[in-house]
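Inside the fold
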Amino acid sequence: MTNRLDELNPAQRAAVTAGDGPVLILAGAGSGKTRVITYRIAYLLEERKLAPRQLLAVTFTNKAAAEMKERLRALLGNSAGELWISTFHSACARILRQEIEVLGYGRNFTVFDEGDAATTIHWALESAGASGGLGVGALRTRIDQAKNEGLGPAELAARDPSGEGALTAEIYRLYQSRLKSLNALDFGDLLMLVHQLFTTRPEVLARWQARFNYVLVDEYQDTNRVQYLLLQALARASGNLCVVGDEDQSIYRWRGADIRNILEFERDFPNALVFKLEQNYRSTKTILAAAHSVIANNLERKEKRLWTENEAGEQIVHYTGVTERDEADFIAREIGRLGQEGFRPAEMVVFYRTNAQSRVIEEALVRRRVPYYVVGGVRFYERREVKDLLAYLRLIANPADALSLERLTAVPPRGVGARTLEVLGAAAAREGVSLFAAMGRAEAESAIALRIARQVSALHQWLSALIQNAAQMKVRELLDEIVARSGFFAYLDSLPDGADRREGVTELLSAAAGFDQEHGPGGLTDFLERVALVSDSDQVAQAGGSAALMTLHTCKGLEYPVVFIAGMEEGLFPHSRSQGAGEVEEERRLLYVGMTRARRLLYLTNTLSREIYGTRQEARPSRFLREIDPTLIRRFAPAGRNEPLRVPARGEIHVDYSDSQLPPAGDGDFGVGSRVAHPTFGAGVVRKREGRGEGAKAWIQFERAGTKLLVLKYAQLKPIADS
DNA sequence: GTCGGGTACTTTTTT
DNA sequence: AGTACCCGAC
């Protein structure tokens, strides 16, 4: 250990060797945070003689947890095995697998994803007969927020007695009781129910307090209220709570994260030791200075400044394309060019604000033959065919999961339709049994045709047998039987996109096989839990020969030699739905996180026009671009069509027309940005297009007459050539 | 009961 | 643009 400490700078060493009690480590981007956490754990185990099982370390992603475990195994050898290093959600799930029965759930509970939750809220909305007001999405957000704050339906109703508040609370109540009858938990429940246990069952809390002598939390700036309460409860006995974070990197306010948790840690834990890690080992001086000039505009932060001994490095490149296609092609071209300068594709990454931006960039990369992969977006386990198959597994693990039962009954189609299920559901409710149990008695149900009832009971028998045997079977074996017996492939082949779907199934089968290798038979519940709690960034490949594409939210905790940030435009970044003062600050932090991922080269790109929801809109440069010290930026673009790339003079405005999808000026197509003349309104500029063909309209900003929406067919517009 | 067309809406970000 | 959903027609 002693030699190991030599590898740390003084601030890092102080943090690693801090004594008992609350500890706050303010770790700037690239300041060696992961190393500090890992070494601190090693220090606690070796020098302070903590047993591995006495320590709980909470990370933000499963991948971060796995990497940390790996490093510790290298430092400590096998004793790392008993360590609890996991995400908040995984840790809570694990606690609940042991403790949940006192709350009236079974230990084999299912973890619902977003879609399952939405379906259930839809059900609640219908059974409440509520119409108008809030939609499923809004309700889901509100309920989730309540759970993030640790509030139940009654508390929510008390806090917001308005009509909307009452409706939300009522739906929340119905939703919650439905979840319970399905023996299912949503993401919020994982945290909330542990909180409930800890507050209502002192003996349970005491047990876990005794178990965990030391709690360590990474990315503390992104903890929400319940997480805060959980930590406080757990650490109350020992007082040993060590949190690591950086308020400048707090980017999950919208999902309940409370930046005050970190800003007020010293108030909450008055005797806390505080350590600041301000030396950055990752980025060039230029990148760091640019990032600082952006984040310095935030008010809700403590002033601090990262510094580095790294070289100044290259200027930041700012590129402007006419359309998103230009932007994408520039990125693809640059990645290609850098490839020839010795950067591997895997060292380069493209970040964007919204998932929708990835498509155009992907197309450009395909055209330029750049290997790439997308992190996040449509999640693998939420793909239709995968969810269809998982429904079988979920039912086997948890026969109360009627949602999965309904799903698997319909896919592949076996003549048992919605009406049959309705009858069975009514029978189940009448007799107070589960839907699955009611299926076993279908043949006694007179309202169901005998032919169909036989189908139902055959399905029931088969599934019952699988439930019986599941404990002895590997997940892969279960899946193989399900696929074979249900005729899943034959069903897929009957679909127009069957070939693509087969791929998803194959991938799921190999994921299951991989899981079985670690677990052996009977791991079904663990497998499903892992599936439910995978995070987007878990898919980030550490090696491989492809450039990565991901949202700015997903990029947290990563670093790359070359970073592109696309879509630096008002309305996109900062996003039009995040225009409140606090929200813009969060967007700014998001950019800060993105910029500080870069080691050597940073590119920022924007466009003059972008297609949003099918209409082309004028795009203005992001305010954040102006916040960067201009001396750190080099604008990089060709001056006009058919001219080679060149570095423009300072202050010159540059636009890339080289791969523009806009029609050439003056061809009468009235593209966004083109100048037009109207017989009565005079000269103007096309600002936005709507519709196509006969009904195509354009918003035109006239020099004298203001902005008008005109139908192109009747407007008698004439193009004016740009000067 | 299913198909198809028209319409309205969307995802901003995710465990 | 894409899709989810609703209503009317076969």
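These notes cover the structure that comes with them.

Rules behind the numbers
- Residues numbered from 1 in each chain as written.
- Chains lettered and ligands numbered in written order.
- Predicted model: local features only at pLDDT ≥ 70, side-chain atom pairs only at ≥ 80, totals over all residues.
- Heavy atoms only, no water.
- Axes fitted to C-alpha atoms, helices over the stretch in contact; angles between N-to-C directions.
- Helix = DSSP H or I, 4+ residues; strand = E, 2+ residues; numbered from the N terminus.
- Parallel < 35°, antiparallel > 145°, perpendicular 65-115°, else oblique.
- Left-handed = near helix turned anticlockwise from the far one by under 90°.
- Contact = heavy atoms within 4.5 Å.
- Nonpolar A, V, L, I, M, F, W, Y, C, P; charged D, E, K, R; others polar.
- Pairing = 2+ DSSP bridges.
- Buried < 20%, exposed > 50% of the residue type's maximum accessible area, 1.4 Å probe, protein only.
- Polar contact = N/O pair within 3.5 Å; in protein donor to acceptor, adjacent residues only side chain to side chain.
- Near = heavy atom within 4 Å.

1. Notes on the packing of helix H5 (residues 88-99) against helix H10 (residues 187-200)
Orientation of H5 relative to H10, taken along the N-to-C sense of each, is 55°, at an axis distance of 9 Å. The angle between the axes of H5 and H10 places the two elements in the oblique class. Pair H5 / H10 crosses with left-handed handedness. Side by side, H5 and H10 meet where Phe88, His89, Cys92, Ala93, Ile95, Leu96 and Glu99 of the first sit next to Phe187, Asp189, Leu190, Leu191, Leu193, Val194 and Leu197 of the second. When the residues that make up the contact of H5 with H10 are grouped by side-chain class, the tally is eleven nonpolar, one polar and two charged.

2. A word on the sheet that holds strand S14 (residues 547-551)
Sheet architecture is open: seven strands sit in the order S13-S14-S12-S15-S16-S11-S19, paired in parallel fashion. In this open sheet, the two edge strands, each paired with only one partner strand, are strand S13 (372-374) and strand S19 (633-635). Averaged over all neighbouring strand pairs, the angle between strand axes comes to 25°, with direction disregarded. The pairing of strand S11 (residues 316-321) with strand S16 (residues 598-607) spans five bridges and is classified as parallel. Its bridge partner being in S16, Gly321 is matched across the sheet by Thr607. Its contacts with the sheet place helix H27 (residues 581-595) against strand S12 (348-352), strand S15 (560-565) and S16, and it is angled at close to 145° to S15.

3. Some details on the side chain of Ser609
Examined against the element boundaries, Ser609 turns out to sit in strand S17 (residues 609-612). Using a relative accessible area of 2% as the deciding quantity, one classes Ser609 as buried. There is a polar contact of 2.8 Å between the side chain of Ser609 and the side chain of Arg616.

4. Focus: the protein's contact with DNA strand B
Around DNA strand B lies a shell of 20 residues, among which Arg353, Asn355, Asp536, Arg577 and Tyr613 are the nearest. Those atoms of DNA strand B that come within 4 Å of the protein belong to sugar or phosphate at a rate of 53%. Interatomic distance of 3.3 Å between a side-chain N/O atom of His575 and a sugar or linking oxygen of DNA strand B. The contact in question runs from a phosphate oxygen of DNA strand B to an N or O atom on the side chain of Arg577, over 2.9 Å. Considering only residue class, the surface near DNA strand B consists of four nonpolar, nine polar and seven charged.

5. Description of the pairing of S12
For S12, the tally of buried residues reaches five of five residues, placing the bulk of the element in the interior. Where burial is concerned, the two faces of S12 agree: the one with Met348, Val350 and Tyr352 and the one with Val349 and Phe351 are both buried. Across four bridges, S12 lies against S15 in parallel orientation. Among the inter-strand pairings, Phe351 is bridged to a residue of S15, identified as Ile565.

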